[in-house]
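The chain contents come next:
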Amino acid sequence: MNKPVAASEEALGEPVLVPDVTPRVAARAAALGPAYVVLAGISFSHFLNDTMQSLIASVYPILKDAYALDYTQIGMITLAFQFTASLLQPLVGHFTDKKAQPFSLAIGMGFTFFGLLLLSGAHHYGIILIAASLVGLGSAVFHPESARIARLASGGRYGFAQSVFQLGGSFGTSMGPVLAALIVVPFGQPSIAWFSSIAGLAILILWRIGAWYKPQIVAKKKTIIERHPDAPAGRRVMIALAVLVALLFSKQLYVSSLSSYYIFYLIERFDVSTQAAQLYLFIFLAANAVGAFLGGPLGDRFGRKYVIWFSILGALPFTLALPYAGLVTSAVLSVFIGLIISSATSSIIVFAQELMPHRFGMISGLFFGFAFGIGGLGAAVLGKLADHTDIAFVYQLCAFLPAIGLLAVFLPKMPNHAR
């Protein structure tokens, strides 16, 4: 799994490769304000990307019945998809820190395109794993550089830009169950191929965004990154990164437990249909999308540390109540959980970026990749646990995960310009 970035205090002040955008370009962008067209384009591309990715988890009931899979095998599909993204995203981010690739987003979307086509025609478990891995590879290429573009187009409103970017992905994730219920369930596994047309649209949009991004890139030169006098020292930076990783762990593992197994939980406990369970999952994921959008502007306004505190720990009462609630109450609780717990996403990522601004791509890739990796590994472990116990016990155990939010007390105070 990915680990927190470890860098010595001396290394934080050594000459490093600066980002691809000069201070003059960044200052001009801040003066002009957010580039809303670019933000809308990258957010919509994120929507399309994550819509396709969410289809994988949404068709689990179909694959489980068609190929007689157990929960462990279901978890391994999630692991194949998410671990590919987890393993490669920090490497992609590190590479693009050195040399930006404006058209890599469109090329990466091609992996998702072929992964969906392969999944639609897969008749063996091994082929399903390969198809899921290809979709994960597309995600690994997409996220680090698209996060950089969102920051460049932010006009200095970094939390807002990250939230707009996250909003597209979160709503894309929420659409997967709906599309699966309306299209894949009635028409079967081959209908997944229809969604490759979405990948084609995303490729066109990302190519145009790449054309906008390319003129912003300049030749790199070595320089000293001056640390703000109020910024945390090297040891505090490493501690803060470790805390942020732990907080992301608690958030993402709980969200993964719902996105991967909530459908089965509702079917087994309340005897609802597969299509009805997918719509209940959509309710949670839609709330998750709204919370992800609200978290960024709130972090810009009140400080990211406070949003992180509220988001992770504030969901605890609702997660503790969920395993004991009825069907309607479970749906209501899932809305509160989604709204609250997802609001930390933008603040965690921007907080980490501001801790190590000279490693922007690597940090973005690390945290996006860690989120995918934790989700994949957690899904596999929880699936194994569900096979040996039951789904209800899994949710009783996962209910305590938000308590890890107490670690936010160890986050340092950031300078006023980087809240």
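Residues numbered from 1 in each chain as written. Predicted model: local features only at pLDDT ≥ 70, side-chain atom pairs only at ≥ 80, totals over all residues. Heavy atoms only, no water.

## Some remarks on the confidence of the model for the protein chain
Then, in step 1: In the predicted model, the protein chain carries a mean pLDDT of 78, and the fraction of residues at 70 or more is 83%.
Then, in step 2: Here strand β1 (residues 16-17) is the element of the protein chain with the lowest mean pLDDT, 36, and helix α12 (residues 316-321) is the one with the highest, 94.
Then, in step 3: Every residue in residues 219-225 is under pLDDT 50, and counting partners more than four places away or in other chains gives 21 contacts. (pLDDT = per-residue confidence, 0-100. Helix = DSSP H or I, 4+ residues; strand = E, 2+ residues; numbered from the N terminus. Contact = heavy atoms within 4.5 Å.)

## A few points about helix α7 (residues 158-187)
Then, in step 1: In this model α7 runs 42 Å from its N-terminal to its C-terminal C-alpha over 30 residues, within 8% of the 44 Å that 1.5 Å per residue would give.
Then, in step 2: Helix geometry: α7 is bent most strongly at alanine 180, by close to 45°. (Expected span 1.5 Å × (residues − 1). Bend = angle between axes of the 7 residues up to and from the residue.)

## Brief notes about the packing of helix α5 (residues 104-121) against helix α8 (residues 196-213)
If you want to describe how two helices pack, look at the angle between their axes and the distance between the axes.
Then, in step 1: Where α5 contacts α8, the two axes come as close as 9 Å, and the packing angle between them is 175°. Here α5 is positioned roughly antiparallel relative to α8, judged by the angle of their axes. Facing α5, whose interface residues are Leu105, Ala106, Met109, Gly110, Phe113, Leu116 and Leu117, α8 presents Ser196, Ala199, Gly200, Ala202, Ile203, Leu206 and Trp207.
Then, in step 2: Partitioned by chemical class, the residues of the contact of α5 with α8 number 11 nonpolar, three polar and no charged. (Axes fitted to C-alpha atoms, helices over the stretch in contact; angles between N-to-C directions. Parallel < 35°, antiparallel > 145°, perpendicular 65-115°, else oblique. Nonpolar A, V, L, I, M, F, W, Y, C, P; charged D, E, K, R; others polar.)

## A short note on helix α16 (residues 391-398)
Then, in step 1: Regarding α16, the residues found buried are Ile391, Val394, Tyr395 and Cys398. Viewed end-on, α16 has its buried residues packed into an arc of 95°, placing them on one side of the element.
Then, in step 2: The opening residue of α16 is aspartate 390, an N-cap whose side-chain oxygen sits 3.1 Å from the backbone nitrogen of alanine 392. (Buried < 20%, exposed > 50% of the residue type's maximum accessible area, 1.4 Å probe, protein only. Arc of directions from axis to C-beta. Polar contact = N/O pair within 3.5 Å; in protein donor to acceptor, adjacent residues only side chain to side chain.)

## A closer look at the packing of aromatic side chains
Then, in step 1: Counted according to the given criterion, the structure contains 12 aromatic pairs.
Then, in step 2: With centroids separated by 6.3 Å and ring planes inclined at 90°, the aromatic side chains of tyrosine 265 and phenylalanine 270 adopt a geometry described as edge-to-face.
Then, in step 3: A residue is classified by how much of its surface remains accessible, and tyrosine 265, at 2% relative accessible area, is buried.
Then, in step 4: The partly exposed category is assigned to phenylalanine 270, whose relative accessible area is 21%. (Phe/Tyr/Trp six-rings, centres within 6.5 Å; stacked < 30°, edge-to-face > 60°.)

## Focus on the pattern of salt bridges
Side-chain pairing between opposite charges can occur once the charged atoms of the two side chains come close.
Then, in step 1: In total, this model carries one salt bridge according to the counting rule given.
Then, in step 2: In this structure, glutamate 354 and arginine 304 form a salt bridge, with 3.1 Å as the shortest nitrogen-oxygen distance. Within this pair, whereas glutamate 354 is found in helix α14 (residues 344-355), its partner arginine 304 is found in helix α11 (residues 304-314), the two being separated by 50 residues in sequence. Taken individually, glutamate 354 and arginine 304 each receive the classification buried, so the pair is uniform in this respect. (Salt bridge = Lys/Arg side-chain N within 4 Å of Asp/Glu carboxyl O.)

## Let's talk about the side chain of serine 154
Then, in step 1: Mapped onto the elements, serine 154 comes out in the loop between α6 (125-152) and α7.
Then, in step 2: Reaching out from serine 154, the side chain makes a polar contact with the backbone oxygen of arginine 151 at a distance of 2.6 Å.

## A closer look at unusual backbone geometry
Then, in step 1: Despite not being glycine, alanine 68 has its phi angle at roughly 50°, a positive value.
Then, in step 2: With respect to the secondary-structure elements, alanine 68 resides in the loop between α3 (60-67) and α4 (71-98).
Then, in step 3: In this model, aspartate 271 sits at a positive phi of 55°, which is unusual for a non-glycine residue.
Then, in step 4: Positionally, aspartate 271 belongs in the loop between α9 (234-270) and α10 (274-302).

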